[in-house]
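Structural overview
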Amino acid sequence: HVLTLGLFNNVATCLHSLGKYEEAKKVYEESLEASIKKNGINHSNTFAIRLNMALIIQCTGDLNKAIDSYTEIYKDSNEVNGETHMLSLTALNSIASVHMIKEEWDKADVLFAKCLEAQNQTLEDSDMKKLATLFNYATIKQKLGQVEESLRYFNLCVEQRMINYGEKNSETLKVNAGKALLLCDIGRAGEALPIIYRVVQLATEVHGPEHDITQDYVAALGHVYCYVGDLNAALHYTNSALNVVTKQFGADHHRAQNLMAKKQWIEQNMGRSFSANPMAAAQQQQQQAVANPMAAMMQMAAQQQQQQQQQMAGNPMAAMM
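I will try to describe carefully the structure that is included in this document. Predicted model, so just to flag it, every value in this text is computed and none were measured.

So, on to the pattern of salt bridges. Evaluation of the coordinates by the stated rule reveals 14 salt bridges. A salt bridge links E104 to K102; the nearest nitrogen and oxygen atoms lie 3.5 Å apart. A salt bridge links D216 to R255; the shortest N-O distance between them is 2.8 Å. Here D216 is found in helix α11 (residues 212-228), whereas its partner R255 is found in helix α13 (residues 254-269), with 39 residues between them in sequence. Each of the two residues, D216 as well as R255, counts as buried.

Attention now goes to a negative patch on the surface. A cluster of acidic residues, E22, E23, E29 and E30, forms a negative patch at the surface. Looking at the secondary structure, you find E30 in helix α2 (residues 21-39).

This brings us to unusual backbone geometry. The backbone phi angle of E103 is positive, close to 65°, even though this residue is not glycine. As for its placement among the helices and strands, E103 is situated in the loop between α5 (86-101) and α6 (105-122). The class for E103 is partly exposed, based on a relative accessible area of 37%.

What follows covers the packing of helix α3 (residues 44-59) against helix α4 (residues 63-81). The N-to-C vectors of α3 and α4 enclose an angle of 165°; their axes lie 8 Å apart at closest approach. Accordingly, the angle class assigned to the pair α3 and α4 is roughly antiparallel. In this structure, α3 meets α4 at a crossing whose hand is left-handed. Residues F47, R50, L51, A54, L55, I57 and Q58 of α3 touch α4, and the partners they reach there are L63, K65, A66, S69, Y70, E72, I73, D76, S77, V80 and N81. Residues of the contact of α3 with α4, tallied by class, amount to ten nonpolar, four polar and four charged.

As a further point, take helix α8 (residues 147-164). For α8, built from 18 residues, the straight-helix expectation of 26 Å at 1.5 Å per residue is met to within 8% by its first-to-last C-alpha distance of 26 Å. Where α8 is concerned, the buried positions are S150, L151, Y153, F154, C157, V158 and R161. Each buried residue of α8 lies within a common arc of 160° when the element is viewed along its axis, so the set occupies one face. Those residues of α8 that are exposed and aimed more than 90 degrees away from the buried face are E148 and I163. On the buried face of α8, the contacting elements are α7 (128-143) and α9 (170-185). Just past α8, the residue G166 takes up positive phi, approximately 90°.

The rules behind each value
- Residues numbered from 1 in each chain as written.
- Predicted model: local features only at pLDDT ≥ 70, side-chain atom pairs only at ≥ 80, totals over all residues.
- Heavy atoms only, no water.
- Salt bridge = Lys/Arg side-chain N within 4 Å of Asp/Glu carboxyl O.
- Helix = DSSP H or I, 4+ residues; strand = E, 2+ residues; numbered from the N terminus.
- Buried < 20%, exposed > 50% of the residue type's maximum accessible area, 1.4 Å probe, protein only.
- Patch = residues over 30% accessible without salt bridge, like charges linked within 9 Å, V, L, I, M, F, W, Y side chains within 5 Å.
- Areas by Shrake-Rupley, 256 points an atom, 1.4 Å probe, with all protein chains shown as cover.
- Lys, Arg positive; Asp, Glu negative; His and termini not counted.
- Charge placed at Lys NZ, Arg CZ, Asp CG, Glu CD.
- Axes fitted to C-alpha atoms, helices over the stretch in contact; angles between N-to-C directions.
- Parallel < 35°, antiparallel > 145°, perpendicular 65-115°, else oblique.
- Left-handed = near helix turned anticlockwise from the far one by under 90°.
- Contact = heavy atoms within 4.5 Å.
- Nonpolar A, V, L, I, M, F, W, Y, C, P; charged D, E, K, R; others polar.
- Expected span 1.5 Å × (residues − 1).
- Arc of directions from axis to C-beta.

Keep in mind that these numbers describe shape and distance, not what the molecule does.
Okay, structure coming up:
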């Protein structure tokens with residue numbers, strides 16, 4: 001029944017938002033089976049549930065399997081709906097997002113550019129889906145060394161989000177955090193610190209202090225303190241994020257591993273003096289080992305974007321009403 005399918009989806013979404021991924025996966029599986037029986041394999045509601053299930057796989061850290069799932073959905077949606085359909089673009093965005101999490105910048109750049117080109121033709125500048133893609137594109141440009149272009153995109157994102165959604169909106173917080181990390185990379189850590197500190201304050205108010213999203217920002221704050229040269233503060237905030245992430249996802253999760261590597265670097269360098277960019281020496285000494293907090297930030301960004309787009313693209317309850 002339509003109400004039953006809607007209830008399945010709402011329960012799964014709630015479990016997902018609470019980080020209860022295994023429970024959410026079971027509910028999505030029941031919902032998918034019911035949707036296929038009622039609507040067929042190619043119905044928009046079925047596609048939406050498949051996207052949500054792929055996102056669950058991504059959230060649990062199996063990134064290669066997540067790419068395979070998204071790619072299969074993208075191909076199927078292209079055949080049924082066409083390349084510019086919202087479901088197809090959502091799947092394409094999701095593939096690009098996982099490549100970004102894996103730090104495969106060139107692959108992500110091509111895919112996000114394709115998405116943004118299609119969205120520019122069909123969506124307003126203030127549309128949340130378009131702004132999410134623009135944020136990711138700005139991050140990719142940063143990673144590819146195109147700093148000025150990256151900063152321009154970040155500023156566009158911040159401006160549009162502040163106007164349309166306000167300072168406390170989760171997407172506004174995400175973009176401001178990304179801008180702060182970019183400012184660090186270009187030697188402007190003094191400007192970055194008050195931005196990321198404000199993000200942590202607002203995220204704590206909006207999500208709560210123990211939420212993994214809040215702790216992603218806390219990790220970013222620790223990273224900024226590394227650039228400022230205050231390693232005591234950097235260690236404090238890195239430890240805080242590490243404790244929460246380990247508790248929620250386990251010590252073997254890539255986010256916990258990244259934070260542990262960052263903690264080890266900080267502890268090894270306590271008491272040393274650094275120039276304007278304290279991370280430069282670390283990048284030379286242990287290029288592979290030092291954690292990049294943008295990985296966690298991008299994991300969160302991908303998850304938030306995909307959750308929003310998938311709800312917009314094919315919420316079973318909304319579509320059936």
